[in-house]
Amino acid sequence: MGILYTRDVDGPALLGVWEITENSAELLSGLHLSQPEMELYMTFRTETRRLQWLAYRRLLRELAGPGNYTIHYDEAGKPFLSGLSRHISVTHTGNFAGVILSTKVRVGIDMEQVRPRIEKVKEKFLSEDEISSIPDRFNLDYLTLAWCAKEALYKMYGYRTMDFRDNMK
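Everything numeric in this text was worked out from a predicted model, so none of it was measured.

Visitor: If you had to explain empty space enclosed by the protein to someone new, which residues and values would you point to?
Guide: Throughout the structure, instances matching the rule amount to one cavity of 30 Å³ or more. Forming the walls of the largest cavity are Leu31, His32, Leu33, Glu37, Arg57, Leu60, Arg61, Tyr69, Thr70 and Ile71. Listed by contribution, the elements that provide at least two residues to the lining of the largest cavity are α3 (47-64) and β3 (70-73). Per-element accounting of the lining of the largest cavity gives the leading share, three residues, to α3.

Visitor: Give me the lowdown on the packing of helix α2 (residues 35-43) against α3, citing residues and values where you can.
Guide: Contact pair α2 / α3: the axes reach a minimum separation of 9 Å and the direction vectors enclose 150 degrees. In the crossing of α2 with α3, the sense of the turn from one axis to the other is right-handed. The residues of α3 that touch α2, namely those facing Glu37, Leu40, Tyr41 and Met42, are Arg50, Trp53, Leu54 and Arg57. Considered class by class, the residues forming the contact of α2 with α3 number five nonpolar, no polar and three charged.

Visitor: Give a description of the pairing of strand β5 (residues 87-93) that names residues and reports values.
Guide: The buried fraction of β5 is high, at five of seven residues. Both β5 and strand β6 (residues 96-102) contribute to a ladder of seven bridges, which runs antiparallel. Note that in β6 the partner of histidine 87 across the bridge is serine 102. Hairpin connection of β5 to β6: two residues between the antiparallel strands, including glycine 94 at a positive phi of 55 degrees.

Visitor: Provide a residue-level description of the packing of aromatic side chains, including the pertinent values.
Guide: Considering all chains together, one arrives at six aromatic pairs under this definition. Aromatic side chains tyrosine 154 and phenylalanine 164 sit 5.4 Å apart centroid to centroid with 50 degrees between the ring planes, which places their arrangement in the tilted category. Here phenylalanine 164 lies in helix α7 (residues 164-167) and tyrosine 154 lies in helix α6 (residues 139-157), a separation of ten residues in the sequence. Both residues of the pair, tyrosine 154 and phenylalanine 164, belong to the buried class. Here the aromatic residues Phe125, Trp147, Tyr154 and Phe164 are joined through ring pairs into a cluster of three or more. Above the plane of the ring of phenylalanine 44 lies arginine 49, whose end atom (NZ or CZ) is 4.4 Å from the centre. Cation over ring: arginine 61 sits above tyrosine 69, and NZ or CZ is 4.1 Å from the ring centre.

Visitor: How would you summarise a nonpolar patch on the surface if you had to cite specific residues and measurements?
Guide: A surface patch of nonpolar side chains, amounting to about 270 Å² of accessible area, comprises Leu153, Tyr157 and Tyr159. Locating tyrosine 157 in the fold gives a position in helix α6.

Visitor: Tell me about the nonpolar core, and name the residues and values.
Guide: Formed by 24 residues in total, the largest nonpolar core has its most connected members in Leu27, Tyr56, Leu60, Leu81, Ile88, Val99 and Leu101. At the level of secondary structure, the elements contributing two or more residues to this core comprise α3, β5 and β6. Among the elements that line this core, the one with the most residues is α3, at nine residues. If we skip the residues at most four places from it in the chain, leucine 81 touches Leu60, Thr70, Ile71, Arg86, Ile88 and Leu101. Phe125, Ile134, Leu143 and Ala146 belong to the second-largest nonpolar core, a separate cluster that totals ten residues.

Calculation criteria
- Residues numbered from 1 in each chain as written.
- Predicted model: local features only at pLDDT ≥ 70, side-chain atom pairs only at ≥ 80, totals over all residues.
- Heavy atoms only, no water.
- 1 Å grid on protein atoms, 1.4 Å probe; cavity = no way out; pocket = protein on both sides within 12 Å on 5 of 7 lines; lining within 4 Å.
- Points joined across faces, edges and corners; volume = space filled by probe spheres on them.
- Helix = DSSP H or I, 4+ residues; strand = E, 2+ residues; numbered from the N terminus.
- Axes fitted to C-alpha atoms, helices over the stretch in contact; angles between N-to-C directions.
- Left-handed = near helix turned anticlockwise from the far one by under 90°.
- Contact = heavy atoms within 4.5 Å.
- Nonpolar A, V, L, I, M, F, W, Y, C, P; charged D, E, K, R; others polar.
- Buried < 20%, exposed > 50% of the residue type's maximum accessible area, 1.4 Å probe, protein only.
- Pairing = 2+ DSSP bridges.
- Phe/Tyr/Trp six-rings, centres within 6.5 Å; stacked < 30°, edge-to-face > 60°.
- Lys NZ or Arg CZ within 6 Å of the ring centre and 35° of its normal.
- Patch = residues over 30% accessible without salt bridge, like charges linked within 9 Å, V, L, I, M, F, W, Y side chains within 5 Å.
- Areas by Shrake-Rupley, 256 points an atom, 1.4 Å probe, with all protein chains shown as cover.
- Salt bridge = Lys/Arg side-chain N within 4 Å of Asp/Glu carboxyl O.
- Core = buried A, V, L, I, M, F, W, Y, C linked by side-chain atoms within 4.5 Å.

Keep in mind that these numbers describe shape and distance, not what the molecule does.
Encoded structure:
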C-alpha cells in the first residue's frame, strides 16, 4: 500500500505512516542499501522485523526525497541522519511503520497496537497516581496512549537513564 498518512506538524516537522502490504523484495526494490545496511538487514530473524525496517526506510525516502543520506544510530540507539540536516525518529508495530522528520527540533514518535499485555507492565511506566486516574472503561486505550506518549518523549531526548515512571508525568 505504501504511505497511509502524512501530516505537517507545527511547520518544521513532517510525520508519515506506511502501511506494509508489500513483501521484502518489493520494499527493497525502492531502496539502495549500503553494504553495512544490507548486513544489518540480514541479521533480522523474522520477516516482520525485516518488513518494518525496510518500510520505514522507504517512508523516509518518500518524506525526505531523493538524496545521499543514511540512517545511523548513536550509542543510545537513537537514529540520526548523515547527509541530511534533519532530526528523525522512527517507529513500527504490526503492519505499520512511522517516521517523523524535523528541520529544527528533536523529535520522537511511537505507535503501538492496543493489546491486553500492556496491563501486565503498567507499573513499570506509570506512577500510582497515573494508574488511578485512568477510567476503567478506557483502560487499554489509555495505557497504550500513555506508553506511546512516554516512549515518544524517551526517543526525543535519547537518554538511556530516563525512567518512564519517575522522569515523565
